[in-house]
Amino acid sequence: MRPTAPLGPVTRRRPVDDPTVRLFFFHHAGGSHLLYRGWTRLFPDDWDICLLDAPGRGNAQAIPLIDDCADLVAFFDEALAPLLNRPFAFFGHSVGARVAYALTRRLQGRARELPLWLGVSSFRAPQPDSTGPSLSRSLRSDTALRDWLTDTGGAPDRLLSDDSLWNAFAPVLRCDLGLADTWDRETPRTPLPVPLTVFGGTDDTVVPLRQLDNWPRLTADYRGLHTYSGGHFYLNDHREGLAGLITRTVLDQLGPPPRV
């Protein structure tokens, strides 16, 4: 294994040329691959851990923001296609869960290889009759958005108190919240033939646990709901436990190694 520089929307801290698994992590609204900083070391050495950035932030900062759901999924499809030549799995947190799910649907619709496993964290399941949040979150004043982020723990204090940092960050957050608040309805389809596990925080006020109830109907292989103490960003306090569960689940899908 050799370290390489991050490339566009895919950051690989510990690249593996011929991995047993490629595991892709999708971040939350207003976030970047830094949500998963330090996670790579928690997985087997022969896994290629790929941390993703949507356009307009992180290592994809030079790419213009995408404010259309279908276009964002198409962007990730093109970006990840060269890396889907090995067994792979997806994990997404918050709106990243919706991106991972929609990308899996896109791969299925194009008769492409599907992930071994899909993990969705802290985002409501898409449904035609959704009554989820309105677009109003993305249209709130700067003061209201800062207060909301303070309540959810979704941003460092420095970003919220430094006007120059906030002015650079706010358009990214508004773009992502617009996606999150409108990207909910879909025509009912056949359940995905992909194992799916749901994760959530017991004290999450952004996506309460009851909003995760509809995920089982979207897969033919539901692996259960795993809850952890904490709010919307519970995963920051449970990295080791989450990584262990993800590893065990994906290895179970791989099956035993071939006999020599």
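Check the entry above for the structure.
Notes on the structure follow.

About the thresholds
- Residues numbered from 1 in each chain as written.
- Predicted model: local features only at pLDDT ≥ 70, side-chain atom pairs only at ≥ 80, totals over all residues.
- Heavy atoms only, no water.
- Pairing = 2+ DSSP bridges.
- Helix = DSSP H or I, 4+ residues; strand = E, 2+ residues; numbered from the N terminus.
- Buried < 20%, exposed > 50% of the residue type's maximum accessible area, 1.4 Å probe, protein only.
- Core = buried A, V, L, I, M, F, W, Y, C linked by side-chain atoms within 4.5 Å.
- Contact = heavy atoms within 4.5 Å.
- Salt bridge = Lys/Arg side-chain N within 4 Å of Asp/Glu carboxyl O.
- Arc of directions from axis to C-beta.
- Polar contact = N/O pair within 3.5 Å; in protein donor to acceptor, adjacent residues only side chain to side chain.
- Axes fitted to C-alpha atoms, helices over the stretch in contact; angles between N-to-C directions.
- Parallel < 35°, antiparallel > 145°, perpendicular 65-115°, else oblique.
- Nonpolar A, V, L, I, M, F, W, Y, C, P; charged D, E, K, R; others polar.

Looking now at the sheet that holds strand S5 (residues 118-121). Pairing in this open sheet of seven strands is mixed, and the strands run S1-S3-S2-S4-S5-S6-S7 from one edge to the other. The sheet is open, and its two edges are formed by strand S1 (10-11) and strand S7 (219-228), each paired on a single side. Of the strand pairs in this sheet, S5 and strand S6 (residues 192-201) are connected by four bridges, and their pairing is parallel. Residue pairing in the sheet places Val 120 in a bridge with Val 198 of S6.

Within S6, nine of the 10 residues are buried, which leaves it mostly tucked inside the rest of the structure. Summarising the sheet, S6 and S7 pair through seven bridges and their orientation is parallel. Residue pairing in the sheet places Val 198 in a bridge with Leu 225 of S7.

Phe 24, Phe 26 and Phe 90 are the most contacted members of the largest nonpolar core, which totals 53 residues. It is helix H2 (residues 95-109) that contributes the most residues to this core, eight residues altogether. Once residues within four sequence positions are removed from consideration, Phe 26 is found in contact with Tyr 36, Leu 52, Phe 76, Leu 80, Phe 90, Phe 91, Gly 92, His 93, Gly 96, Val 99, Ala 100 and Leu 103. With 25 residues, the next largest nonpolar core counts Trp 47, Trp 117, Phe 233 and Val 250 among its residues.

Below, the discussion takes up the environment of Gly 224. Note on placement: Gly 224 falls in strand S7. Judged by its relative accessible area of 17%, Gly 224 falls in the buried class. For the pair Gly 224 and Val 198, spaced 26 residues apart in the sequence, the C-alpha separation amounts to 6.2 Å.

Moving on, we get to the pattern of salt bridges. As enumerated under the stated definition, the model contains 10 salt bridges in all. Asp 163 is paired through a salt bridge with Arg 146; the nearest N and O atoms lie 3.0 Å apart. In this pair, Asp 163 is assigned in helix H5 (residues 163-182) and Arg 146 in helix H3 (residues 142-152), connecting sequence segments 17 residues apart. Here Arg 146 falls in the buried class, since its relative accessible area comes to 18%.

Glancing now at H3. Taken residue by residue, H3 has Leu 145, Arg 146, Trp 148, Leu 149 and Thr 152 as its buried positions. End-on, the buried residues of H3 take up no more than an arc of 160 degrees, which puts them together on one face. In H3, the exposed positions angled more than 90 degrees off the buried face are occupied by Thr 143, Thr 150 and Asp 151. Downstream of H3 by a residue or two, Gly 153 has a phi angle that is positive, lying close to 75 degrees.

A few words now on the environment of Asp 46. Among the secondary structure elements, Asp 46 is positioned in the loop between strand S2 (21-26) and strand S3 (47-52). A relative accessible area of 37% means that Asp 46 is categorised as partly exposed. Separated by 30 residues in sequence, Asp 46 and Val 16 have C-alpha atoms that sit 6.6 Å apart. Contact partners of Asp 46, with chain neighbours within four places excluded, come to Val 16, Pro 19, Thr 20 and Val 21. Separated by 2.7 Å, the side chains of Asp 46 and Thr 20 make a polar contact.

Close contact between H3 and H5 brings their axes to 11 Å; oriented N to C, the two are set at 80 degrees. The orientation of H3 with respect to H5, classified from their angle, is roughly perpendicular. Judged by residue contacts, Asp 142, Leu 145, Arg 146, Trp 148 and Leu 149 of H3 engage Asp 163, Trp 166, Phe 169, Leu 173, Arg 174 and Leu 177 from H5. Residue classes in the contact of H3 with H5 are distributed as seven nonpolar, no polar and four charged.

Structural measurements only, silent on function.
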